[in-house]
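# Results of the structural survey
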Amino acid sequence: MGERFAAAARLLPDYLGQHVLLSAAALALGFLISLPLVVVASRNARVRWPVLGFASIVQTVPSLALLALFYPLLLAVSTVWEHLFGHGFSALGFLPSLLALTLYSMLPILRNGVTGLTNLDPAVIEAARGVGMTNRQRLLRIELPLAAPVLMAGVRTAAVWVIGGATLSTPVGQTSLGNYIFSGLQVEDWVSVLFGCLAAVALALVADQLLGLIEAGIATRRPRLAWLGLSALLGGVGAAVAGSLAVAGQPAYVVGAKNFAEQYILAAVMTDRIRKQGSPATARVDLGSVIAFRALASNGIDAYIDYSGTVWTTVMNRRDSMPRQQMLQVMTTQLRKDHGVVVLGALGFENAYALAMRRERAESLGIHTISDLAMHAPELRIGGDFEFFARSEWRDLRDKYGLRFREQRQFQPTFLYKAVATNEVDVISAASSDGRIRAYDLVVLEDPKQVIPPYDAIVLLSPARAADPLLRRALGPLVGAIPIDVMREANYMVDRDTNRVAPGEAARWLESKIQRQ
Amino acid sequence: MIAFEGVSKSFDEGRDFAVRDVTFSIPARTFVALVGDSGSGKTTLLKMINRLIEPDQGAVSVDGESVQGMAGYSLRRRIGYVFQGIGLFPHMSVAENIGITPVLLGWSREQIDARTAELIDLVELPRTYLTRMPSELSGGQRQRVGVARALAARPHIMLMDEPFGALDPVTRDTLGSEYRRLHERMGLTTVMVTHDVMEAVLLGDRIIVVRQGEIVADGEPQQLLTEHPDPGVRALMDMPRRQAERVRILMQERAARG
């Protein structure tokens, strides 16, 4: 407990700094865009309802979906940009997060601003005209100062929303306090999850109080109080960002990882190896499956581990199957040609999608293969992770074996294994290298029709790093060096219920095994 | 001098007229009371002088110059405006409220400070009140500040829309007669809208009665009090006379008993 807390605390300067920078930038941008809109909307009823309507609709989009939507949008813009100006930009990380959160911050500012400006005492407005103010003087001297407290209350609400929403920027590749929550959830490190939640809550409270100070300063016409709040706020942002920069430095190499234990461990192995070669390196974890490849192809990350079957079906859109070696060869040429991505080689183990059941349940029903399963399927319930049922492997399995289940449910991977262990579902989509297969005493059902393609773990390098000697020196020795049982054991060290270790520690253990060979 | 020449105004594209083809003029240094029921168009007439409302037809001129020819805001800086709602700026001190038009006109700090001090004396408030906020004042004190604010840039025309209508009768009477003395002393031209005929009779040099957007009577108070062909105007002007009559009788009875 204390150890895991300390591990979480070590990451705080980086996570907090990035979180603060993102939230502050989104809030400032949202404020700057909203303010002129507020003025126009409060003077013109025909502008008012579309502006407020649009902001309200944005608010009803779940924040995670809003963040996710900006990724393909920016990717398309980046592609066009590249055609026009010769270089694209990363559609991952800071930019999509900033844009989504900026949109998210606008509704409370717009709504409060318009309410504040349209509900002013008409006598005061008449007097402002009567003493000879121009429209501009009336706005700056009378209307904005009088509406400021209501407007500031909206800014406070927006700040709390943005700080909360920023935790969701982790899956699109932006480091934030959400890293604690997403990674913690994956490896069941509840200390990390709690740490992330509390840090985000504390940050929101502090920001709210400082903005409250500014609001009180404006409302009670004590400019010094408002300035105090503002300088404390800016000072806090500056300190957090400086702390983050001091920790991060400028990483020369960025290793990507998807959102499960094996990926965390392998990313740690790779960054350790790059550092040993004398260059700084960081890991960008919790990337979505397809997002990781796109990030690599656009040089947003330098290297990561993917699985041949995944690349085959989701990146290359192939539906056919072919023997392992041949597939790897086709893939190597094709990825190089289409994306400039280098397949450095296979690690030596496979992490395939598989269907797994509790051993005693499978035995009592006499199920050994997926063909056996098909006969019992109508009475059984299946659970899958978030992407399984959307993948072509599942469609192929379903169609070729004629699988019809009584019920189909989706789980976060951690809960997926618990669900089968507690009999909430009978069959789950499992990963063949997962340590929990052994831990929960599950059996992997055979695939006699060979519907599921090979899923060899492969090292991929970005186009910009295709011929990078340091990266090749660091990662080359990993090819063929990790057998399945070693990987499963390393995974299990992170996934098991007791004596669990951090992915970094499992990585060091795995490295010692690689060295011994 | 203020002149109206065939002025009309409709707020519903010509179905009803708030003001219909009105022509009259007000010589300098006159105190005119505009009276009439609510909705008669008297406030519309008043606000067309400083262009808070624009006429549909006809022309309004001030000192021989058409008001349409100048920017509304610079016209309003030359004309004092006091209304029932007072409309003191709640985020500004009394001094800042009084000094606002001079600030807009770009006067120097010293000029503004001297003028605010002069005005606070003129409306008979203690100078310590200059640093107070409007929320710390009574209704009567607020309207004194409202009058001071209107006078700040030394206008020679004052427009007043039921200025004392929301005050208690004693304060109202005091402020009314004090203002009348200011009007004399500073040689102002004042147009005051009121629905209180007694107030109009006691303060005005001239009374204009407005009904359904048209002028139905225009003359000195004594003249209108004695005789007028229009029965509506007679009924209106009868009221102050009857009230005064009743008060006189009451006083006589009391004197006879005592």
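What follows is about the overall build of chain A. Broken down by element type, chain A carries 21 helices and 10 strands. The proportion of buried residues among the 517 residues of chain A is 46%. When contacts within chain A are restricted to residue pairs at least 6 apart in sequence, those whose partners lie at least 24 apart make up 77%.

The next point concerns the interface of chain B and chain A. Facing 17 residues of chain B, the contacting portion of chain A comprises 15 residues. Mapped by element, the contributors of at least two residues to the side of chain B that touches chain A are helix 2 (72–77), strand 6 (79–83) and helix 4 (100–105) of chain B. The element contributing the most residues to the side of chain B that touches chain A is helix 2 of chain B, with four residues. Tallied by class, residues from the side of chain B that touches chain A come to nine nonpolar, five polar and three charged.

Residues and elements named next belong to chain A. The strand order across the open sheet formed by five strands is 7-6-8-5-9, and the pairing between neighbours is mixed. Two strands bound the open sheet, and with one partner strand each, they are strand 7 (407–410) and strand 9 (442–444). Geometrically, the sheet is characterised by an average inter-axis angle of 35° between neighbouring strands, direction not taken into account. Where strand 5 (residues 353–358) lies against strand 8 (residues 427–431), five bridges are found, and the strand directions are antiparallel.

Next up on the list: the confidence of the model for chain A. When pLDDT is averaged across chain A, the result is 87; 98% of the residues are at 70 or more. Of all helices and strands in chain A, the one with the weakest mean pLDDT is helix 3 (residues 63–85) of chain A (81), whereas helix 5 (residues 122–130) of chain A scores best (95).

Residues and elements named next belong to chain A. Relative to each other, helix 12 (residues 308–315) and helix 13 (residues 324–339) sit at 55°, their axes nearing to 11 Å. When the interaxial angle is binned, helix 12 and helix 13 end up oblique. Here helix 12 and helix 13 pass one another in a crossing that is left-handed. From helix 12, Ser308, Val311 and Trp312 reach across to helix 13, where they touch Met327, Leu328 and Met331. Tallied by class, residues from the contact of helix 12 with helix 13 come to five nonpolar, one polar and no charged.

Right, let's talk about helix 2 (residues 45–60) of chain A for a bit. With 16 residues, helix 2 of chain A should reach 22 Å at 1.5 Å per residue; the first-to-last C-alpha distance of 23 Å fits that figure. Within helix 2 of chain A, only one of the 16 residues are buried, which leaves it mostly out in the open.

Residues and elements named next belong to chain B. Among the structural elements, asparagine 97 can be located in helix 3 (residues 94–98). For asparagine 97, a count of 26 C-beta atoms within 10 Å translates into the label buried. In the structure, asparagine 97 is positioned 36 residues away from methionine 133 in sequence and 9.3 Å away in space, judged by C-alpha atoms. With residues up to four places along the chain from it excluded, the contact list for asparagine 97 reads Leu88, Phe89, Met92, Pro134, Val145 and Arg149.

Thresholds applied
Residues numbered from 1 in each chain as written. Chains lettered and ligands numbered in written order. Predicted model: local features only at pLDDT ≥ 70, side-chain atom pairs only at ≥ 80, totals over all residues. Helix = DSSP H or I, 4+ residues; strand = E, 2+ residues; numbered from the N terminus. Buried ≥ 20, exposed ≤ 12 C-beta atoms within 10 Å, placed from the backbone. Contact = placed C-beta atoms within 7 Å. Nonpolar A, V, L, I, M, F, W, Y, C, P; charged D, E, K, R; others polar. Pairing = 2+ DSSP bridges. Axes fitted to C-alpha atoms, helices over the stretch in contact; angles between N-to-C directions. pLDDT = per-residue confidence, 0-100. Parallel < 35°, antiparallel > 145°, perpendicular 65-115°, else oblique. Left-handed = near helix turned anticlockwise from the far one by under 90°. Expected span 1.5 Å × (residues − 1).

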